[in-house]
Amino acid sequence: MRGGIDLGGTKIQAVVVDDDNDVRGEARVPTPTTGGPKDVADAMAGALGQAADGASAKPDALTGIGVGSPGDVDGKAGTVTSARNLPDWEGSFPLAAELTKRLGPRVALGNDVQVATDAESLLGAGRPYASLLGVFWGTGVGGGIILDGKPWVGRGAAAEIGHVVVKRNGARCTCGRKGCMEAYAGRGSMEIRARNRHKNGTKTDLFKIMEDRGRDRLTSGVWQRALDKGDSLATELIDEAIEALGAGVASTQNVLDVEAIIIGGGLGIRLGEPYAKRILDAMLPHLFVDTDPPAVRVAELGDLGGAIGASLLVKS
Ligand SMILES: [Zn+2]
């Protein structure tokens, strides 16, 4: 059996999978918001321990553990640098060695979005396709590319689809630049816009739903409930996000011409098929070859896809 850990900005997900890649144990814990990389490593080890319990296995009996991480990941050195959504993680941290110290097995590191894309390509919605683009619509908008069956990572920074410019001199992005797709479609940016509009008197139930559900931020579930109730601000911001996704993904498709777009991420999975269809509709006006659009599919492995993909790092 192998372990896999997906290190997300809000949640850490861990799985233990068997040789057929079936999930035998799983765990989800909140990502620490204070402290530093060592506290995050503790939480990751705890999550993997829970997943191993679920599989009636001991962590040190696993063949290996793969980790999908945000930030600059150096797989050879086993380090993660500048994981800016995580607490006090500006510098370089030897995550692989720290996890081995806590858990026992060797640890392999990969980019979080790329391992999730690999998982969908090998085991999920991407199986029928040799070339695809993964679009992970969550706090930010991440991308992963598979060309002719192989991941394309460029010089290490490929597929940063969230920072495709959809409006010159447009809204300020969390990356500091202007007009990125993520500035309109990332859940983090959408929350900032929602809070500003709410403060300036726009009526919305978003924050009431958030409080009723005991959350301190606008999670995908909060957005979905607000949309189901017909909340006008939620509807407006999601419509804007879909327009941005349509322009950004179509522009990327004009360059790559892949067979399929796989929509994942917290919001993508939560909102599901009807919204994948809406993203395709929003792409059409921007597609150079609009008579033969790519297939647009929702990620099949759900929210554990990243952790399952991380476990695949152990084999390779
Ligand atoms: Zn940006």
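Above this note sits the structure.
Predicted, not measured: the structure shown is a model, and the values here were computed from it.

Participant: Any chance you could explain the overall build of the chain here in plain terms?
Facilitator: Scanning the chain from N- to C-terminus turns up ten helices and 13 strands. Relative to a compact globule of 316 residues, whose C-alpha radius of gyration would be 20 Å, the chain shows 19 Å and is just as compact. For the chain, the spread of C-alpha atoms along the three principal axes comes to 50 × 45 × 35 Å. Here the chain holds 316 residues, and 53% of them are scored as buried. If you take every contact in the chain between residues at least 6 apart in sequence, the share linking residues at least 24 apart comes to 61%. In the form shown here, the chain has an accessible surface area of approximately 14,600 Å², with 48% of it arising from carbon and sulfur atoms. Placing the 36 positive and 40 negative side-chain charges of the chain at their respective mean positions leaves the two points 5 Å apart.

Participant: How should I be thinking about the coordination of the zinc ion in this particular structure?
Facilitator: Angles at a metal have ideal values that depend on geometry: 109.5 degrees with four tetrahedral donors, 90 or 180 degrees with six octahedral donors. For the zinc ion, the protein coordination sphere consists of His163 (ND1), Cys173 (SG), Cys175 (SG) and Cys180 (SG), at 2.0 to 2.4 Å. Around the zinc ion sit four donor atoms; with metal-centred angles ranging over 104 to 114 degrees, the donor geometry is tetrahedral. In primary sequence terms, the donor set of the zinc ion follows H-x9-C-x1-C-x4-C. With a gap of ten residues between them, histidine 163 in the loop between strand E11 (150–151) and helix H4 (181–185) and cysteine 173 in the loop between E11 and H4 connect regions that are remote in the sequence. By relative accessible area, which is 28% here, histidine 163 ends up partly exposed.

Participant: Can you help me understand unusual backbone geometry in this one?
Facilitator: Trans is the prevailing form of peptide bonds, just as negative phi is the prevailing case for residues other than glycine. Residues other than glycine seldom take positive phi values, yet alanine 159 does so here, at roughly 70 degrees. Mapped onto the secondary structure, alanine 159 falls in the loop between E11 and H4. Taking relative accessible area as the criterion, alanine 159 reaches 15% and is therefore assigned buried. In this structure, asparagine 169 is a non-glycine residue whose phi angle is positive, near 55 degrees.

Participant: I keep staring at the nonpolar core and nothing clicks. Help me out?
Facilitator: When a protein is soluble and globular, its nonpolar side chains tend to lie buried together. Within the largest apolar cluster, 49 residues are counted, with the highest numbers of intra-cluster contacts made by Val135, Trp137, Leu206, Trp223, Ile238, Ile261 and Met283. Element by element, the count of residues in this core is highest for helix H8 (residues 232–256), at ten residues. Counting residues in each nonpolar core, the second largest holds 32 residues, with Val29, Ala52, Ala57 and Leu109 among its members.

Participant: Please explain the environment of methionine 181 as it appears in this structure.
Facilitator: For methionine 181, the position within the fold is in helix H4. By relative accessible area, methionine 181 is classed as buried at 0%. Along the chain, methionine 181 and aspartate 303 lie 122 residues apart, while their C-alpha atoms are 22 Å from each other. Beyond its immediate stretch of four places on either side in the chain, methionine 181 contacts Val141, Ile161, Gly162, Val164, Val166, Gly186, Ala244, Leu245, Gly248 and Val249.

Participant: Hey, could you run me through the sheet that holds strand E7 (residues 92–93) in this one?
Facilitator: Sheet strands pair by backbone hydrogen bonding; their relative direction is either parallel or antiparallel. A sheet is described by the order of its strands in space; here three strands give the open sequence E5-E6-E7, paired in antiparallel fashion. Looking at strand neighbours, the two that pair on one side only are strand E5 (72–74) and E7, the edges of this open sheet. In terms of strand pairing, strand E6 (residues 79–81) meets E7 through two bridges, oriented antiparallel. Across the sheet, residue threonine 81 finds its bridge partner in E7, namely serine 92.

Participant: It is not clear to me how the sheet that holds strand E12 (residues 260–264) should be interpreted in this structure. Could you clarify?
Facilitator: One open sheet holds the five strands; their spatial order is E11-E10-E9-E12-E13, and the pairing between them is mixed. At either end of the open sheet lies a strand with only one pairing partner, and these are E11 and strand E13 (295–298). Where E12 lies against E13, four bridges are found, and the strand directions are parallel. Note on E13: the bridge partner recorded for isoleucine 261 is valine 296. Contacts from H8 reach strand E9 (132–137), strand E10 (141–147) and E12 within the one sheet, and its direction differs from that of E9 by about 160 degrees.

Participant: In this structure, what is going on with a positive patch on the surface? I would like to understand it.
Facilitator: Together, Lys11, Arg213, Arg215, Arg225 and Arg270 line one region of the surface with positive charge. With respect to the helices and strands, arginine 225 occurs in helix H7 (residues 220–228). Overall, arginine 225 belongs to the partly exposed group, its relative accessible area being 34%.

Conventions we followed
- Residues numbered from 1 in each chain as written.
- Predicted model: local features only at pLDDT ≥ 70, side-chain atom pairs only at ≥ 80, totals over all residues.
- Heavy atoms only, no water.
- Helix = DSSP H or I, 4+ residues; strand = E, 2+ residues; numbered from the N terminus.
- Rg over C-alpha atoms; globule rule 2.2 N^0.38 Å.
- Buried < 20%, exposed > 50% of the residue type's maximum accessible area, 1.4 Å probe, protein only.
- Contact = heavy atoms within 4.5 Å.
- Areas by Shrake-Rupley, 256 points an atom, 1.4 Å probe, with all protein chains shown as cover.
- Lys, Arg positive; Asp, Glu negative; His and termini not counted.
- Charge placed at Lys NZ, Arg CZ, Asp CG, Glu CD.
- Donors = N, O, S within 2.8 Å, 3.2 Å for Na, K, Ca; no water.
- Tetrahedral: all angles 85-135°; square planar, octahedral: opposite > 155°, others 65-115°.
- Core = buried A, V, L, I, M, F, W, Y, C linked by side-chain atoms within 4.5 Å.
- Pairing = 2+ DSSP bridges.
- Axes fitted to C-alpha atoms, helices over the stretch in contact; angles between N-to-C directions.
- Patch = residues over 30% accessible without salt bridge, like charges linked within 9 Å, V, L, I, M, F, W, Y side chains within 5 Å.
- Salt bridge = Lys/Arg side-chain N within 4 Å of Asp/Glu carboxyl O.

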